[in-house]
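Residue-level listing of the chains:
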Amino acid sequence: MDVRMLLAGLAVPFFTASCSMHDVVEIKVADEVINADYVGNGVEWDPYDEAELWGTEVSDDDWQTLYKRLDFMQPQYVRCMINSPFRYYTPQTGTYDKARHLKSISRLLKYCTQKQITVIFGEYNPPTWEMKADQKWIDMSVDYLNYLVCDQGFTCIKHFVIFNEPDGDWASTNGDYRLWLDMLHRFHQKMSEYPGLLDKVSLAGPDVVSHYKNPHSEFDAYGWVTNTAAMADSIVGIYDIHAYPGQYEVRSGRYGETLAAFRSKVPAGKKIVLGEAGFKYQQTEDSLLLAEYKRRVENHPFTKGSDCNMLCYDYFYGLDMPMLAMEVMNHGFSGLAIWMLDDAMHSNGDTGRPEDIKIWGLWNILGNEVFNKPDEEAMRPLYYTWSLMCKYFPKGTNILKTSRVANEGVFCVAGEYQGHNTIAIVNVGDADKTIQLSLPTVINNADKYLYEEPHQLKGTNGFPIPVEQNLTLNSGQRITVKAQSFVLYTNIK
């Protein structure tokens, strides 16, 4: 089934009502910074904890492929999480060994350090759930963190997450905010015992899930953020939440309001990021996409679909994630990491079962070796747009205020970086749009990138290349953005 047809069917009721009345969309970019010193866009990149259980490790050739793809993408922010039983702790013997299984995480963190990528590092859960409040875990975990940062020199690690999604009923904390808060303070105390560690690494939190409320928890996600700000702001260096909205929710513009509400609960001077982000299709508003997702999961050879987005293979996902990023950037968040870089990172529940992996990635680097599907190693459509959203909104970008008139289906973001400018526009509507730009300054020597089915200009290595170069963008200039397409102009070289 053609998912574009499904998408069009969903989009018609919302977007076509005023398309004929508004052929021209005016986008005004002001010389006003609304979100300064952006941390950056990036990916969840975990260190292939389970690969050996699947019968292989990531080969040198595969690592070189990863590096080449990341070199072009230039992610500015990476979230890297570990499961300690795959790393420093052996549950069967209770043995701590910080040098155990160091190879893959070293390759990952060395790359991030060399490329000056901001890393939020952390642990999904304690080594065993019974250790969720155990001082032994705190001692081992912080010692391992210090080993990576101070002994091994992986100074890319700037922030530390102690529990993944502690509000979840799938987490060892099971939504116990008081337990999490107590552990946060205890981790901070232990970090203070290592000379210089707190100068290099701060805590991140609360790492909760937007739009979720565990019945066992006294707070929803807003409450977790609000109370963390009230009770632990002095020890939290950066705030983060996770977001898996529905497609209609974001395309309708509603999700921008949600992001702004979270941002308002974070103290001035502190940043908040989406630690993880992707799309999960809702039963009513995204029903056709959800049905297609379920169809693809049925009898799939290497996933049961319990934690997947089976539509990450599709062209339109390369529109939706940049669209979400634009909302993030325009509503005060300082970055997001897409979940996730690579399907080869996780099975469902991290059980080591290759017949039930999490499919969300830009590729599966072990598609050939483990799954006998070499085509899974190819870059998926999202890579085209996401690499541009990472590369051309570098760390330190100032996000400029944009306003749109007659903006049905059109999203945009503008950034300024060291005197250079980038403007990205996505049209998820069902009609071509004429965009009239109002700019605070002329943008000279700009490259134009275009993601438009079936035209996505690529070099011999498969990476995006400009469709036009050395352009001049003037205020009042009109450009056409076709239905279901993405365009980015930049004079960052």
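Residues numbered from 1 in each chain as written. Predicted model: local features only at pLDDT ≥ 70, side-chain atom pairs only at ≥ 80, totals over all residues. Heavy atoms only, no water.

K.L.:
How would you sum up the packing of aromatic side chains? Please name residues and give values.
P.N.:
What the rule picks out here adds up to 27 aromatic pairs. Measuring from centroid to centroid gives 5.5 Å for Tyr392 and Tyr449, while their planes differ by 35°, and the two rings are tilted. Here the residue Tyr392 occupies a position in the loop between helix H12 (382–391) and strand S12 (398–405), and Tyr449 occupies one in strand S16 (residues 443–452), the gap between them amounting to 57 residues. On the basis of relative accessibility, which here comes to 7%, the residue Tyr392 falls in the buried class. Three or more aromatic residues joined by ring pairs make a cluster, and in this case those are Trp45, Tyr48, Trp63, Tyr67 and Tyr111. The ring centre of Tyr244 lies 5.1 Å from the NZ or CZ of Lys280, which sits over that ring. Across the ring face of Phe72, the terminal group of Lys391 is positioned such that the distance to the ring centre comes to 4.4 Å. (Phe/Tyr/Trp six-rings, centres within 6.5 Å; stacked < 30°, edge-to-face > 60°. Helix = DSSP H or I, 4+ residues; strand = E, 2+ residues; numbered from the N terminus. Buried < 20%, exposed > 50% of the residue type's maximum accessible area, 1.4 Å probe, protein only. Lys NZ or Arg CZ within 6 Å of the ring centre and 35° of its normal.)

K.L.:
Give a detailed account of the environment of Gly205, specifying residues and quantitative values.
P.N.:
Within the fold, Gly205 resides in strand S8 (residues 202–209). Sequence spacing of Gly205 and Asp143 is 62 residues, and the spatial spacing of their C-alpha atoms is 20 Å. Sequence-distant contacts of Gly205, defined by excluding residues within four places in its chain, comprise Trp180, Val236, Ile238, Tyr239 and Asp240. (Contact = heavy atoms within 4.5 Å.)

K.L.:
Tell me what's going on with the sheet that holds strand S1 (residues 24–35), and back it up with residues and numbers.
P.N.:
One open sheet holds the nine strands; their spatial order is S17-S16-S19-S14-S13-S12-S1-S15-S18, and the pairing between them is mixed. Edge positions in the open sheet fall to strand S17 (468–473) and strand S18 (478–481), since each of these has one partner strand only. When strand polarity is set aside, the average angle formed by the axes of neighbouring strands in this sheet is 30°. Looking at chain direction, strand S14 (residues 420–427) and strand S19 (residues 485–490) are connected through six bridges and run antiparallel. Paired with Asn427 across the bridge in S19 is Ser485. Set on the sheet, helix H11 (residues 317–330) makes contact with S1, S12, strand S13 (410–417), S14, S16 and S19; between it and S13 the angle comes to about 60°. Against the sheet, H12 makes contact with S13, S14, S16 and S19, and its axis sits at roughly 30° relative to S19, the strand it touches most. (Pairing = 2+ DSSP bridges. Axes fitted to C-alpha atoms, helices over the stretch in contact; angles between N-to-C directions.)

K.L.:
Describe helix H10 (residues 287–297), listing the residues and the values that go with them.
P.N.:
Within the span of H10, buried status applies to Leu289, Leu290, Glu292, Tyr293, Arg296 and Val297. Along the long axis of H10, the arc covered by the buried residues comes to 160°, so they all point the same way. The positive-phi residue at the C-terminal boundary of H10 is Asn299, with phi of around 60°. (Arc of directions from axis to C-beta.)

K.L.:
Give me the state of the cysteines: which residues, what numbers.
P.N.:
Applying the stated criterion across every chain yields a total of zero disulfides. Unpaired in this structure, Cys150 has its nearest cysteine sulfur neighbour in Cys156, at a distance of 12 Å. With relative accessibility at 29%, the residue Cys150 sits in the partly exposed group. No disulfide involves Cys312; its sulfur sits 8.0 Å from the nearest other cysteine sulfur, which is in Cys308. (Disulfide = S-S within 2.5 Å.)

K.L.:
If you had to explain the environment of Glu193 to someone new, which residues and values would you point to?
P.N.:
With respect to the element layout, Glu193 can be found in the loop between helix H5 (177–192) and helix H6 (197–200). Sequence-wise, Glu193 and Gly40 are 153 residues apart; in three dimensions their C-alpha atoms are separated by 31 Å.

K.L.:
Account for helix H2 (residues 60–73), naming residues and giving values.
P.N.:
Look at H2: 20 Å from first C-alpha to last across 14 residues, which is about the 20 Å you get at 1.5 Å a residue. On the buried face of H2, the contacting elements are strand S2 (40–44), helix H3 (103–114) and H12. The first or second residue beyond H2 is Gln74, which carries a positive phi of 50°. (Expected span 1.5 Å × (residues − 1).)

K.L.:
Lay out the environment of Tyr147 in plain terms, naming residues and giving numbers.
P.N.:
One can find Tyr147 in helix H4 (residues 135–151). On the accessibility criterion, Tyr147 (11% relative accessible area) is buried. With sequence-adjacent residues up to four places away left out, Tyr147 is seen in contact with Lys98, Ala99, Leu102 and Gln152.

K.L.:
Give a description of the nonpolar core that names residues and reports values.
P.N.:
Trp45, Tyr48, Phe121 and Met389 are the most contacted members of the largest nonpolar core, which has 146 residues in total. Excluding anything up to four places from it in sequence, Phe121 contacts Cys80, Met81, Ile82, Ile105, Tyr144, Leu145, Leu148, Ile157, His159, Phe160 and Val161. The next biggest cluster of nonpolar side chains, apart from the first, holds 21 residues, and it includes Val25, Ile425, Ile435 and Ala446. (Core = buried A, V, L, I, M, F, W, Y, C linked by side-chain atoms within 4.5 Å.)

K.L.:
Help me get a handle on unusual backbone geometry, residues and values and all.
P.N.:
Along the chain, Trp339 connects to Met340 via a cis peptide bond; the corresponding omega equals 5°. Put simply, Glu453 and Pro454 share a cis peptide bond, and its omega is 5°. Inspection of the secondary structure puts Pro454 in the loop between S16 and S17. Backbone geometry places Tyr48, a non-glycine residue, at a positive phi of 55°. For Tyr48, the position within the fold is in the loop between S2 and H2. We classify Tyr48 as buried; its relative accessible area is 4%.

K.L.:
Describe the pattern of salt bridges, and please don't skip the residues or the numbers.
P.N.:
Across all of its chains, the model carries 28 salt bridges by this definition. For the salt bridge of Lys271 with Asp37, the shortest nitrogen-to-oxygen distance reads 4.0 Å. Pair noted here: Lys271 is in the loop between helix H9 (254–264) and strand S10 (272–277) and Asp37 is in the loop between S1 and S2, with a separation of 234 residues, a long-range link. For Asp37, a relative accessible area of 42% corresponds to the partly exposed category. Arg380 is paired through a salt bridge with Glu376; the nearest N and O atoms lie 2.8 Å apart. (Salt bridge = Lys/Arg side-chain N within 4 Å of Asp/Glu carboxyl O.)

K.L.:
Requested: an account of a nonpolar patch on the surface, with residues and values cited.
P.N.:
Judged by side-chain polarity, Leu457, Ile465 and Val467 come together as a nonpolar surface patch covering roughly 200 Å² of accessible area. Structurally, the position occupied by Val467 is in the loop between S16 and S17. Owing to a relative accessible area of 33%, Val467 belongs among the partly exposed residues under this scheme. (Patch = residues over 30% accessible without salt bridge, like charges linked within 9 Å, V, L, I, M, F, W, Y side chains within 5 Å. Areas by Shrake-Rupley, 256 points an atom, 1.4 Å probe, with all protein chains shown as cover.)

K.L.:
An account of the packing of H4 against H5 is needed here, citing residue identities and associated values.
P.N.:
For the pair H4 and H5, interaxial distance at closest approach is 10 Å and the crossing angle is 50°. Between H4 and H5, the crossing angle belongs to the class labelled oblique. Taken as a pair, H4 and H5 cross one another with a handedness that is right-handed. Counting all contacts with H4, which are made through Gln135, Trp137, Ile138, Asp139, Ser141, Val142 and Leu145, the residues of H5 involved are Met183, Arg186, Phe187, Lys190 and Met191. Here the contact of H4 with H5 is built from residues that sort into seven nonpolar, two polar and three charged. (Parallel < 35°, antiparallel > 145°, perpendicular 65-115°, else oblique. Left-handed = near helix turned anticlockwise from the far one by under 90°. Nonpolar A, V, L, I, M, F, W, Y, C, P; charged D, E, K, R; others polar.)

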